[in-house]
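Residues per chain, in single letters:
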Number of protein chains: 2
Amino acid sequence: MSQVTLYNYFRSSTSYRVRIALNLKNIEYKYSPVHLLNNGGEQFSPTYKALNPMSEVPTLEHDGLIIGQSVAIIEYLEEQFPNPNLFPRDSQKRAKIRQFCENINSFLHPLSNLKVLKYLEDNHGYDQRQKEVWINHWYQKGLNALEAWLQKNMGKYSFADQVTVADCFLVPMVFTSERFNVDLSPFKNIMSVNSRCLELDAFKNAHPFRQVDTPAELRIS
Amino acid sequence: MSQVTLYNYFRSSTSYRVRIALNLKNIEYKYSPVHLLNNGGEQFSPTYKALNPMSEVPTLEHDGLIIGQSVAIIEYLEEQFPNPNLFPRDSQKRAKIRQFCENINSFLHPLSNLKVLKYLEDNHGYDQRQKEVWINHWYQKGLNALEAWLQKNMGKYSFADQVTVADCFLVPMVFTSERFNVDLSPFKNIMSVNSRCLELDAFKNAHPFRQVDTPAELRIS
């Protein structure tokens, strides 16, 4: 197996998704930290921009390929390292799971990421409380749809009783929600799946507070 | 082939993506219009919410499956109707194309959609000009990355000389850019691929101004 390198940041929820997928597939990888705040943001350095023209994390390097976007990375890992599978074989089930992931990936995440919050701070003077109001507005709507989806599809994990890519997206989304004080108490399905996932080593070891670039004051054992 | 129904809206760029994919694959489908503005937004009706709990378009119905999210829909169509392919066979090429699509899907689109613009209007009094400033801020950054990607990968179309799913995402993105007066003149690659795609019937027939729910004053022949 040729070397896999993940350029990423401990607290980035999209990085967290890919770390979970790598762990679930037992893929050893080199963790290359990109600090999104230090030095004006290391993602804007010419060296990093050459790897990722969007200046975003994560970026995966494998066998000569360099790609960004967590969805593209995880689909690629599934194709290159199919055991264990993170997508079911059935096409309709795959479609449902991709829909779930995209609700997080293309709706909740883009509205809560660092760039957007910084724009609102710079242009509308948003403080932490106003950022939380903004995020809560979008998350309540999205979480309701995810909760309804789980009601139809969940078992022990997001989709029936096997861990799937849906769990790789759900757990980091809960982490971000908690960070911004989103009220998660109405979402029993989301929270119970999240808890069960966090009992697994693949999820534990991918947690933002257990990475090499986690600041000492946030680190957990 | 069992009936395919697409619940969608003429001007929605995510609907436009799926219409192009359906046309490229020569799939006949029933067009079921969902008007995003009339009656307070038909996507919020209980009937539609039962199909799509996020109250978003498009939604695809096929063979008992009902799913939202254009990425999930197009991946499903590729699996169910593989001829002609919209993704290359090579896994690394697929990854690059998915990265390109996700730059549009999970970065540009979510920040320019109707919900977000309405929030900025309601909470910060954004007028049309301010909406354009907001959209231009994000689009300039994203378009630069897409232009650089095309420089490395394009041929006659976005990826080499065959139409791929990348084109299904690029053309609607250009349509939205033009709608909000984004300055596209620096992006020669994007504009030349867009023009070549728009010469093809699959793209022409999917255009927002040629749909059954296109208002008369916008209709083109």
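As a reminder, the structure under discussion sits directly above these lines.
The structure displayed is predicted, hence computed values, not measured ones. (Residues numbered from 1 in each chain as written. Chains lettered and ligands numbered in written order. Predicted model: local features only at pLDDT ≥ 70, side-chain atom pairs only at ≥ 80, totals over all residues. Heavy atoms only, no water.)

Now for unusual backbone geometry. Each neighbour pair has its own omega, and for N83 of chain A with P84 of chain A the value is -5 degrees, a cis peptide bond. Its identity is not glycine, yet A160 of chain A carries a phi of approximately 55 degrees, on the positive side. A relative accessible area of 34% means that A160 of chain A is categorised as partly exposed. Residues other than glycine seldom take positive phi values, yet N26 of chain B does so here, at roughly 55 degrees. Within the element layout of this structure, N26 of chain B appears in the loop between α1 (13–24) and β2 (30–33). N26 of chain B sits in the exposed class, given a relative accessible area of 62%. (Buried < 20%, exposed > 50% of the residue type's maximum accessible area, 1.4 Å probe, protein only. Helix = DSSP H or I, 4+ residues; strand = E, 2+ residues; numbered from the N terminus.)

Further remarks concern the packing of aromatic side chains. Tallied over the full model, the rule gives 20 aromatic pairs over all chains. Ring centres of Y16 of chain A and F175 of chain A lie 5.9 Å apart, and the angle between their planes is 90 degrees; this geometry places the pair in the edge-to-face category. In this pair, Y16 of chain A sits in helix α1 (residues 13–24) while F175 of chain A sits in helix α7 (residues 165–179), placing the two residues 159 residues apart along the sequence. Ring centres of W134 of chain A and Y119 of chain B lie 5.1 Å apart, and the angle between their planes is 85 degrees; on these two criteria the pair is classed as edge-to-face. (Phe/Tyr/Trp six-rings, centres within 6.5 Å; stacked < 30°, edge-to-face > 60°.)

Looking now at the side chain of E132 of chain B. Within the secondary structure, E132 of chain B sits in helix α6 (residues 128–153). When residues no more than four places from it in sequence are discounted, the contact partners of E132 of chain B are F180 and N181 of chain B. (Contact = heavy atoms within 4.5 Å.)

Let us look at the interface of chain A and chain B. Across the boundary between the two partners, chain A contributes 44 residues, which contact 44 residues of chain B. Interface area for chain A against chain B, summed over the two sides, is near 4100 Å², with a carbon-plus-sulfur share of 61%. Across the pair R98 of chain A and E79 of chain B runs a salt bridge whose closest N-O atoms are separated by 3.1 Å. Counting across the interface, chain A meets chain B through 22 residue pairs in polar contact (both at pLDDT 80 or more). Elements with a minimum of two residues in the side of chain A that touches chain B: β4 (65–68), α3 (70–80), α4 (91–112), α5 (114–124) and α6 (128–153) of chain A. The greatest single-element share of the side of chain A that touches chain B, amounting to 14 residues, is contributed by α4 of chain A. Of the residues belonging to the side of chain A that touches chain B, the class tally is 20 nonpolar, 14 polar and ten charged. (Buried area = accessible area lost by both parts, 1.4 Å probe. Salt bridge = Lys/Arg side-chain N within 4 Å of Asp/Glu carboxyl O. Polar contact = N/O pair within 3.5 Å; in protein donor to acceptor, adjacent residues only side chain to side chain. Nonpolar A, V, L, I, M, F, W, Y, C, P; charged D, E, K, R; others polar.)

Honestly, it's all geometry; don't read function into it.
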